[in-house]
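Architecture at a glance
As a plain string of letters, each chain reads:
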Amino acid sequence: EDVCEGKDFSFPLEEQRVLELWSKLDAFHEQLRRTEGGEEFIFYDGPPFATGLPHYGHILAGTIKDVVTRHQSMRGRHVMRRFGWDCHGLPVEFEIDKLLGITNRQQVLDLGIGKYNETCRGIVTKYVAEWEAVVTRTGRWIDFKADYKTMDINFMESVWWVFGQLWDKDLVYKGFKVMPYSTGCKTALSNFEAGLDYRTVPDPAVMVSFPVIGDADNAALVAWTTTPWTLPSNLALCVNANLVYAKVKDRSNGTVYIVAESRLGQLPVKAKASGKKQAPSKGSNAEAVQGGLDTESYELLAKIPGSSLVGLKYTPLFDFFLELQDTAFRVIADNYVTDDSGTGVVHCAPAFGEDDHRVCLSAGIIEASGLVVAVDDDGHFIEKISQFKGRHVKEADKDIINAVKDKGRLVSKGSIEHSYPYCWRSGTPLIYRAVPSWFIKVEKIRDQLLECNKETYWVPDYVKEKRFHNWLEGARDWAVSRSRFWGTPLPVWISQDGEEIVVMDSIEKLERLSGVKVNDLHRHHVDDITIPSSRGPEFGVLKRVEDVFDCWFESGSMPYAYIHYPFENRELFEKNFPGNFVAEGLDQTRGWFYTLMVLSTALFGKPAFKNLICNGLVLAEDGKKMSKSKQNYPSPMEVIDEYGADALRLYLVNSPVVRAESLRFKRIGVFGVVKDVFLPWYNAYRFLVQNAKRLEVEGLTAFSPIDQASLRKSSNVLDHWIHSATESLVSFVHQEMDAYRLYTVVPYLVKYIDNLTNIYVRFNRKRLKGRTGEEDCKISLSTLYHALVTTCVAMAPFTPFFTEVLYQNLRKASSKSEQSIHFCSFPSTTGERDERVERSVTRMMTIIDLARNIRERHSKALKTPLKEMVVVHPDSEFLEDITGKLKEYVMEEMNVKTVTPCNDPMKYASLRAEPNFSVLGKRLGKDMGKVSNEVKKMTQEQILAFEQSGEISFLGHCLTLDDIKVVRQFKRPVDVSEKEIDAAGDGTS
């Protein structure tokens, strides 16, 4: 059928028509039916939360996934694609807390866990329809009807099975762990969640004195802290046994302090007699004076090795923990204490610092089971801290500092600006707090994790080798439980005396042991289920622990849970694990990629996936994070409605963002794809259609493409060339898709289409328009037809709409075509590439460009014929082509009467050798000058011999082609003026 001009072609409108066609054909499911029984290609789709709308990051990851899975389907593989939803955890609870005005845990219990959880369930699918609309509109084929949800009973049962396997392998334990804790969301966060939102903020920085009991000089150790709220929980002071400490006396009031010798410059200095005010202490590295005691203010009494401070007792700052005074309030030592900040003395509150907890446990200050956490789940001081009870810790800082001052223990007060973690959900500052949790022994399998990582292939490779490897190398035990409500409950039942533990790894086991029918695994359905003790009725019943799983544990279980393994699909899973492919953003190196790897390694000793594409961030045009409130980016649907989804897809895939780098999103960049890729491609297609229709108009037989086997017998060199170039395109796409390098395909396609329009169509206009006879016309039209169809099929995964539009019209000329381009097999390469003709045509275009430059330099318009063009090149095959089968194209394009070959570059050029200083400078040292002179003196013969052999020696130094630059300059023949002859070159001949 006839087609409109490019300027009238509406990409968005045509895409809507394609969507209607796909719907009518049930194209996605039809593709799945056609590939059923073929080799499985297992793709894992990371589940997003449906509590927000999809943004460019989702569209980017979705496009990458769609390109790869469509391509694999066209290669005959069966690619199951099911959309997944992350339904549990903080993101959902946070929304409900805002909706219901919930600010603390007790309010949830008062409301009832059942009512709270059902409200959570109600908003999980809030935006599912919008997600489906956007994802479908972007051209992504994925099954929303057969989706999986982490809140489905089958998914949850598989999560129980995963945990049961880890329990059986002795990879689970319960303990206290100091973790990043969100008082806004009232839960502990994993380390990777804690790293999502760091902000530069001011915090108080104070030095506090701790008088040493029984010291002859009444000395006090001085500790520095930026968290005054932890001071009421102080139980120890920690020094470094290998550091030297100094005892100094304040000359103004006789107070004696002990700090690390190298940190003396941190002590406050009184105002000098000059009247200058003392700058407030910042307490940080910024104003630290390394060494250097102010002898006007302090007198040095003694130097003390850190080891001799260990065991000293000191007067507690507060009396909230006096019951521990037999073991607490003494000096301990550990190497985590350094002398690059603070005072070399660290105040330890074991409930609020990871190192504090570790050193206090090992020194016997506290017992593992006896830790008192003086801050509740809402971030408020408990009853025990009577002076500040009920106060939020961050709000109490000021009053705690004043209390320390009233006790005469405040040495200095200031502030510090530093990078501090905030909750990525609530935007509140995190605290570090000891929480009881169930842990997976990740440290035990760390070496296996590193080995499994080696078995995977990543694009880009450096993310695997550096970022992910380093994260695995420092992997710590993973706290997988959360003291929350809406999640998969931990399947752990414990007796009242704690001696008997039963882990449920299936619903069947729970029903068998409890006698209760189970239809839902959420807390409000299983919390009240008890099982009798196996030791007898006198031991009572076992009850489930209250915790639920961290939602990262659920998403990490996805490869098993989304197909309800091992309860169903055993053969499908076991034959096809690890999965073939995953793709998500760079942030998932510490998130989903990590949890996938941990669980698969622990369960099977294998990675969960074989191939991975890691994308970077899509930023606003100004380089900042995209923000709804700032409205610093156009909405995705707005861009799609203007330029079409294919243009957006190609813009994203052809950017640094598919190599894990950042992309500044520019609307004009999407327009650039339309202008530079689609319109030239469309124009080549339109030219074919117009000339095929012309045959009918002129009363000739309707166009029907000649088969490719016959076309290969064509005597036309450009027919051979475009066939070979198309073979090269198909081969290249095949090769790059096997290597998951999506970003290399688009530049190659752009170059191919440029060649198709500016070489094949342009140079064959006469043939295509029928001016060289009907038979020749049909040969050239058929050649162009097959080139376009093959290109469309190869590129269909990248631009599913545009290729479908072209294909639907082109298929009308062929009786054997499929109903949709996406039912076609990926083109197979015949191996009949003619590299010589491809090389010669590329060089011909270089010659034409150089000749144009010469004409422009001399203001000679193309309509002015020139007598002769001399082509100088050492390759005799190329000269044979350029003066043989390609000659007519050069003569016509450049309007020259003759094309003369010359295989002697020296006839029209002189050579000059220059040393490559950047390479040779370091190597030659003092000989550089002498060698440089020798290089510059090289004769024409020496340079030619050097180019032939690839090396030459001067003063005992062997120089290669990398060390010397050979410069060619045009040498005008004698007795010929500048007006008569000129030259241009590309430096290769």
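Residues numbered from 1 in each chain as written. Predicted model: local features only at pLDDT ≥ 70, side-chain atom pairs only at ≥ 80, totals over all residues. Heavy atoms only, no water.

With that settled, consider the overall build of the protein chain. Secondary structure summary: the protein chain contains 34 helices and 32 strands in total. Seen through its principal axes, the protein chain has C-alpha atoms that stretch 110 × 85 × 45 Å. Looking at the protein chain as a whole, 54% of its 989 residues qualify as buried. Long-range contacts, defined here as pairs at least 24 residues apart, represent 77% of the contacts in the protein chain between residues at least 6 apart. For the protein chain, the separation between the mean place of its 124 positive charges and that of its 134 negative charges on side chains is 5 Å. (Helix = DSSP H or I, 4+ residues; strand = E, 2+ residues; numbered from the N terminus. Buried < 20%, exposed > 50% of the residue type's maximum accessible area, 1.4 Å probe, protein only. Contact = heavy atoms within 4.5 Å. Lys, Arg positive; Asp, Glu negative; His and termini not counted. Charge placed at Lys NZ, Arg CZ, Asp CG, Glu CD.)

It is worth spelling out the state of the cysteines at this point. According to the stated counting rule, one finds 0 disulfides in the structure shown. No disulfide involves Cys120; its sulfur sits 11 Å from that of Cys87, the nearest cysteine. (Disulfide = S-S within 2.5 Å.)

All right, on to helix 28 (residues 800–810) then. When you tally the buried positions in helix 28, you get 11 out of 11 residues, the bulk of the element. What helix 28 keeps buried is the set Pro800, Phe801, Phe802, Thr803, Glu804, Val805, Leu806, Tyr807, Gln808, Asn809 and Leu810. Lining the buried residues of helix 28 we find helix 1 (11–25), helix 3 (56–74), helix 7 (128–137), helix 21 (645–653), helix 22 (667–697) and helix 27 (774–795).

Strands sit in the order 10-8-9-6-5-13 across an open sheet of 6 strands; the sheet is mixed. Among the strands making up the open sheet, the edge pair consists of strand 10 (298–305) and strand 13 (410–421). Geometrically, the sheet is characterised by an average inter-axis angle of 30° between neighbouring strands, direction not taken into account. Here strand 8 (residues 244–250) runs beside strand 10; their pairing, made up of 7 bridges, is antiparallel. By the bridge assignment, Val248 is partnered in strand 10 with Leu300. (Pairing = 2+ DSSP bridges. Axes fitted to C-alpha atoms, helices over the stretch in contact; angles between N-to-C directions.)

Moving on, we come to the pairing of strand 7 (residues 236–239). Because side chains alternate across strand 7, one face comprises the buried residues Ala236 and Cys238, and the other comprises Leu237 and Val239, equally buried. Here strand 7 pairs with strand 11 (residues 330–333) via 4 bridges, running parallel. Within strand 11, the position partnered with Cys238 by the bridge is Ile332. Where strand 7 lies against strand 12 (residues 346–348), 3 bridges are found, and the strand directions are antiparallel.

Read from one edge to the other, the open sheet built from 3 strands follows the order 15-24-23, with strand pairing classed as parallel. With partners counted over all chains shown, the strands left at the sheet margins are strand 15 (457–459) and strand 23 (579–585), one partner each. Mean inter-strand twist for the sheet, computed between neighbouring axes without regard to direction, equals 15°. As judged from the 3 bridges shared by strand 15 and strand 24 (residues 609–615), these two strands associate in the parallel manner. Bridge assignment links Trp458 to a residue of strand 24, and that residue is Leu612.

The next thing to look at is unusual backbone geometry. Across the junction of Tyr565 and Pro566, the peptide omega takes the value 5°, indicating a cis bond. Within the secondary structure, Pro566 is located in the loop between helix 17 (558–561) and helix 18 (570–575). Going from Phe577 to Pro578, the amide bond is cis rather than trans, its omega being 0°. Mapped onto the elements of the fold, Pro578 is located in the loop between helix 18 and strand 23. The residue Phe329 is not glycine, and still its phi comes out positive at about 60°. At Tyr740, a residue that is not glycine, the phi angle is positive and equals roughly 60°. Of note, Tyr740 is situated in the loop between helix 24 (717–738) and helix 25 (745–763).

The method is simple in principle: a probe with the dimensions of a water molecule rolls over the atoms, and the space it marks as empty is what remains. Applying the stated rule across the entire model yields 5 cavities of 30 Å³ or more. Estimated volume of the largest cavity: approximately 110 Å³. Gly89, Leu90, Arg482, Asp550 and Cys551 are the residues nearest the centre of the largest cavity, which is lined by 14 residues in total. The set of elements that each furnish at least two residues to the lining of the largest cavity consists of helix 4 (90–100), strand 4 (187–188) and strand 22 (548–549). Residue composition of the lining of the largest cavity, by class: 7 nonpolar, 2 polar and 5 charged. (1 Å grid on protein atoms, 1.4 Å probe; cavity = no way out; pocket = protein on both sides within 12 Å on 5 of 7 lines; lining within 4 Å. Points joined across faces, edges and corners; volume = space filled by probe spheres on them. Nonpolar A, V, L, I, M, F, W, Y, C, P; charged D, E, K, R; others polar.)

It is worth spelling out the environment of Asp881 at this point. Within the element layout of this structure, Asp881 appears in helix 30 (residues 876–882). Distance from Asp881 to Ser840, taken between C-alpha atoms, is 6.8 Å for residues 41 residues apart in sequence. Residues within four places of Asp881 in sequence aside, it is in contact with Arg836, Ser840, Leu886 and Lys887.

Here the focus is the packing of aromatic side chains. Taken as a whole, this structure holds 60 aromatic pairs when the rule is applied. Seen in terms of ring centroids, Trp85 and Phe144 are 6.5 Å apart; in terms of plane orientation they differ by 40°. Their pairing is tilted. On the criterion of sequence distance, the pair formed by Trp85 in strand 1 (residues 82–85) and Phe144 in strand 2 (residues 143–149) is long-range, its members being 59 residues apart. Like Phe144, Trp85 is buried. Centre to centre, the rings of Trp458 and Phe609 are 6.2 Å apart; their planes meet at 65°, and the pair counts as edge-to-face. Placement of Trp458 in strand 15 and of Phe609 in strand 24 is noted, with a sequence separation of 151 residues between them. Judged by its relative accessible area of 0%, Phe609 is buried. One aromatic cluster in this structure is built from Phe9, Phe11, Phe678, Trp681, Tyr682, Tyr685 and Phe802. (Phe/Tyr/Trp six-rings, centres within 6.5 Å; stacked < 30°, edge-to-face > 60°.)

A surface patch of nonpolar side chains, amounting to about 260 Å² of accessible area, comprises Leu99, Leu100 and Leu111. Locating Leu100 in the fold gives a position in helix 4. Given a relative accessible area of 41%, Leu100 falls into the partly exposed group. (Patch = residues over 30% accessible without salt bridge, like charges linked within 9 Å, V, L, I, M, F, W, Y side chains within 5 Å. Areas by Shrake-Rupley, 256 points an atom, 1.4 Å probe, with all protein chains shown as cover. Salt bridge = Lys/Arg side-chain N within 4 Å of Asp/Glu carboxyl O.)

A word on the nonpolar core. In this structure, Trp681, Leu718 and Met844 are the most contacted members of the largest nonpolar core, which totals 120 residues. Among the elements that make up this core, the one with the highest residue count is helix 22 (14 residues). Viewed by domain, this core spans two of them, domain 1 (37–167 + 552–615) and domain 4 (840–903), each represented by three or more residues. Look past the residues within four positions of Met844 in its chain and what remains in contact with it is Phe763, Phe878, Ile882, Leu886, Tyr889 and Val890. Counting residues in hydrophobic clusters, the runner-up holds 69 residues, among them Tyr44, Trp161, Val162 and Ala475. (Core = buried A, V, L, I, M, F, W, Y, C linked by side-chain atoms within 4.5 Å. Domains from an automatic or database assignment.)

The terminal C-alpha atoms of helix 27 lie 31 Å apart, and with 22 residues this matches the ideal 32 Å at 1.5 Å per residue to within 8%. Burial analysis of helix 27 places 19 of its 22 residues in the buried class, which makes it a mostly covered element. (Expected span 1.5 Å × (residues − 1).)

Before going further, it helps to spend a moment on the pattern of salt bridges. Taken as a whole and judged by the stated rule, the model has 69 salt bridges. As a salt-bridge pair, Glu14 and Arg17 come within 2.8 Å of each other at their nearest N and O atoms. Pair noted here: Glu14 and Arg17 are both in helix 1, with a separation of 3 residues, about one helical turn. The exposure class of Glu14 is buried, given its relative accessible area of 19%.

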